[in-house]
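Okay, here's what each chain looks like letter by letter:
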Amino acid sequence: MLFNSFEFLLFFPIVTFLYYITPGHIRWITLLIASCIFYGFFIPSYLFILLTIILIDYTAGIKIENTYHKKTWLVISICANVLLLSVFKYYNFFIENFNGLTGSHFILLNIILPIGLSFHTFQSISYTIEVYRGKQKAVRHLGYYALYVMFYPQLVAGPIERPQHLFPQLYAKHNFAWNNIFEGIRLMIWGLVKKIVIADRLGDFVEGVFNRPSDVSCGSIWLALLFFGIQIYADFSGYSDIALGCAKCLGIELKINFNRPYLSKNIKEFWQRWHISLSQWFRDYLYIPLGGNKRGDLRKQLNILLTFCISGFWHGAGWTFIIWGLLHGFYMVVYNCLKKYFDKINIGKYIGWVITMCCVFFGWIFFRAPSLHHAIDFIRSGLQVQNFSWQSILNVPVTYMTYGRTTLIIILFTSSYMFVFEKYSLPRLINLNKYFARDIFLINFNILLFIFLGIFHKTSFIYFQF
């Protein structure tokens, strides 16, 4: 079920109402059933796959805590999750490349990737690792463990929660509070504005350019790259805002996943602000176990490259994602090597910001391109400055809308509003304060943006494919 669908518009208030009228000790049943309905709305049969991995990890957690074979059960849990992810997400990638190298003809699987598989497998792995480390007690209640994995606001695209943070909130009885409802709905409205008003308006143009980069002008290429950088932020952070808002209405606090990343002055800061829960996951469960920065500088840089490479591959089964991950790993290594020199010459924050954004947006080419061939064509077309023409910049094959002066003005206004709003207004909207009247005005203004400027194509969120 999509957050930006009519079905969810009915689903959310009904579930929230049922949650609060249900006695506290059985509210987990209400949420678990709701989460099953939410997930089963995509492909109902995939609920059985999710149930299987839940049973494996639930058993593994208890065995890790109760037996001497802790590492064995941890390996079983991790392997089960990775195997599931590999079959659905990476099998065809490896087989295609193997067939291409050897001339073999192994059969590809004609299966659809379960929605949110990468996210809930990582959340499951974090549970068994934390039990193994002794930082989390094994959960004996299968229903609560299933809810930890399937909690519907963050089931599909995160944020990836840690068991120590989410379980106590699932166990607690949350009394109805208007404050939580107001704050939650505010975040949900803002997330929908970012998705429907901004991201979906940009998406059609971006798709038209990236799918046929050789057929458009140089100006169209770089405008599409700018649009995609805004689109992916508005789309993914919009999803996260809606997820946080849904949970807040239930009295549950999820982790903030984005902290104005496009204000970052260096690449390290960018990854401390962008998709925070995933960055922390790779830091704690991959980078540090590899040795982190404890085994010399060379090993540290290799660990960074490997971590970012795997992070890129996690995002998608394709060479473009691997290159995107390696690019960011390379950026991080270069930054670590040159940081002391930058500090000596006192490089200005604006110069640092410009360099960081150039690096990040160049990386988006590989993240968005359908294939490596498309990415190369995109760069090649973007470098043909002799083809630049103001008249042809919007001459792009698109599906849903016409891009003209009015559309560009709307895009400029809404995108600028998003960044200004998040810098100056959103921190106050997370908590009620004395500026209540101003907050109500902004909420109503966002609703008007949603109604009059929204693109209601029922488009899925970008990170659903991961």
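Residues numbered from 1 in each chain as written. Predicted model: local features only at pLDDT ≥ 70, side-chain atom pairs only at ≥ 80, totals over all residues. Heavy atoms only, no water.

Colleague: Tell me about the overall build of the protein chain, and name the residues and values.
Modeller: Of the regular secondary structure elements, the protein chain holds 19 helices and 0 strands. For 466 residues, the compact-globule estimate of 2.2 N^0.38 gives 23 Å, and the C-alpha radius of gyration of the protein chain, at 23 Å, lies within 12% of that figure. Looking at the protein chain residue by residue over its 466 residues, the buried ones come to 54%. The long-range fraction of contacts in the protein chain, counting pairs at least 24 apart against all pairs at least 6 apart in sequence, stands at 77%. With the model as given, the accessible surface of the protein chain reaches about 21,800 Å², and the carbon-plus-sulfur share is 67%. If you average the places of the 39 positive and of the 21 negative side-chain charges in the protein chain, the two averages end up 8 Å apart. (Helix = DSSP H or I, 4+ residues; strand = E, 2+ residues; numbered from the N terminus. Rg over C-alpha atoms; globule rule 2.2 N^0.38 Å. Buried < 20%, exposed > 50% of the residue type's maximum accessible area, 1.4 Å probe, protein only. Contact = heavy atoms within 4.5 Å. Areas by Shrake-Rupley, 256 points an atom, 1.4 Å probe, with all protein chains shown as cover. Lys, Arg positive; Asp, Glu negative; His and termini not counted. Charge placed at Lys NZ, Arg CZ, Asp CG, Glu CD.)

Colleague: Outline the packing of aromatic side chains, supporting the account with residue identities and numerical values.
Modeller: For the structure on display, the rule yields 69 aromatic pairs. Consider the rings of Tyr 233 and Tyr 262, whose centres lie 5.7 Å apart with planes at 50°: the pair is tilted. One end of the pair, Tyr 233, is in helix 10 (residues 218–249); the other, Tyr 262, is in the loop between helix 10 and helix 11 (267–273), with 29 residues separating them in the sequence. Like Tyr 262, Tyr 233 is buried. Here Tyr 233 and Phe 419 contribute two aromatic rings whose centre-to-centre distance is 6.1 Å and whose plane-to-plane angle is 20°, an arrangement assigned as stacked. One end of the pair, Tyr 233, is in helix 10; the other, Phe 419, is in helix 17 (residues 405–424), with 186 residues separating them in the sequence. Among the residues examined, Tyr 233 registers a relative accessible area of 3% and is labelled buried. The aromatic ring of Tyr 19 is capped on one face by Arg 27, whose charged end is 4.9 Å from the ring centroid. The ring of Phe 461 carries Lys 195 above its face, with NZ or CZ at 4.7 Å from the centroid. (Phe/Tyr/Trp six-rings, centres within 6.5 Å; stacked < 30°, edge-to-face > 60°. Lys NZ or Arg CZ within 6 Å of the ring centre and 35° of its normal.)

Colleague: Could you give me a rundown of the pattern of salt bridges, with the residues and numbers involved?
Modeller: Scanning the entire structure with this criterion turns up 14 salt bridges. Note that Asp 284 and Arg 162 form a salt bridge whose closest N and O atoms lie 3.0 Å from each other. Of this pair, Asp 284 sits in helix 12 (residues 276–287) while Arg 162 sits in the loop between helix 7 (152–155) and helix 8 (163–171), and the two are 122 residues apart along the sequence. No difference in accessibility class separates Asp 284 from Arg 162, as the two residues are buried. Asp 241 is paired through a salt bridge with Lys 194; the nearest N and O atoms lie 2.7 Å apart. Of this pair, Asp 241 sits in helix 10 while Lys 194 sits in helix 9 (residues 178–211), and the two are 47 residues apart along the sequence. Across the pair, exposure class does not vary: Asp 241 and Lys 194 are buried alike. When salt bridges with common partners are traced through the structure, they connect Arg 162, Arg 283 and Asp 284 into a single cluster. (Salt bridge = Lys/Arg side-chain N within 4 Å of Asp/Glu carboxyl O.)

Colleague: Give me the lowdown on helix 3 (residues 46–66), citing residues and values where you can.
Modeller: Between its terminal C-alpha atoms helix 3 stretches 31 Å, which fits the 30 Å expected from 21 residues at 1.5 Å a residue. If you check which residues of helix 3 are buried, you get Tyr 46, Leu 50, Ile 53, Ile 54, Asp 57, Tyr 58, Ala 60, Gly 61, Ile 62 and Ile 64. Looking at the buried residues of helix 3, the elements they touch are helix 2 (27–40), helix 4 (70–102), helix 5 (117–132), helix 6 (142–150) and helix 7. (Expected span 1.5 Å × (residues − 1).)

Colleague: How would you sum up unusual backbone geometry? Please name residues and give values.
Modeller: Even without a glycine there, the phi angle at Arg 260 is positive, about 50°. Along the chain, the position of Arg 260 falls in the loop between helix 10 and helix 11. The exposure class of Arg 260 is partly exposed, given its relative accessible area of 29%. A positive phi angle, near 40°, is found at His 275, a position not held by glycine. By secondary structure assignment, the location of His 275 is in the loop between helix 11 and helix 12.

Colleague: So, the packing of helix 1 (residues 6–21) against helix 2: which residues are in play, and what are the values?
Modeller: The N-to-C vectors of helix 1 and helix 2 enclose an angle of 165°; their axes lie 9 Å apart at closest approach. By the angle between their axes, helix 1 is roughly antiparallel relative to helix 2. Along this stretch, helix 1 crosses helix 2, giving a crossing that reads as right-handed. Contact with helix 1, carried on its side by Phe 8, Phe 11, Val 15, Leu 18, Tyr 19 and Tyr 20, involves Arg 27, Thr 30, Leu 31, Ala 34, Ile 37 and Phe 38 of helix 2 and no other residues of that element. When its residues are assigned to classes, the contact of helix 1 with helix 2 shows 10 nonpolar, 1 polar and 1 charged. (Axes fitted to C-alpha atoms, helices over the stretch in contact; angles between N-to-C directions. Parallel < 35°, antiparallel > 145°, perpendicular 65-115°, else oblique. Left-handed = near helix turned anticlockwise from the far one by under 90°. Nonpolar A, V, L, I, M, F, W, Y, C, P; charged D, E, K, R; others polar.)

Colleague: An account of the nonpolar core is requested, with residue identities and associated values reported.
Modeller: A general tendency of soluble globular proteins is for nonpolar side chains to be buried together. Counting residues in each nonpolar core, the largest one holds 147 residues, and the members touching the most others are Phe 8, Tyr 262, Trp 274, Trp 364 and Tyr 463. A per-element tally of this core places helix 10 first, with 18 residues. Among residues more than four places away in sequence, those in contact with Trp 274 are Ile 232, Tyr 233, Asn 257, Phe 258, Pro 261, Tyr 262, Ser 279, Trp 364 and Tyr 463. (Core = buried A, V, L, I, M, F, W, Y, C linked by side-chain atoms within 4.5 Å.)

Colleague: Would you mind going over the environment of Gln 391 in detail, with residue names and values included?
Modeller: For Gln 391, the location among the structural elements is in the loop between helix 16 (372–382) and helix 17. Sequence spacing of Gln 391 and Pro 114 is 277 residues, and the spatial spacing of their C-alpha atoms is 43 Å.

Colleague: Could you give me a rundown of a nonpolar patch on the surface, with the residues and numbers involved?
Modeller: On the surface, Phe 6, Leu 9, Leu 10, Ile 14, Phe 17, Leu 18 and Ile 21 cluster together into a nonpolar patch covering about 740 Å² of accessible area. The class for Leu 9 is exposed, based on a relative accessible area of 56%. (Patch = residues over 30% accessible without salt bridge, like charges linked within 9 Å, V, L, I, M, F, W, Y side chains within 5 Å.)

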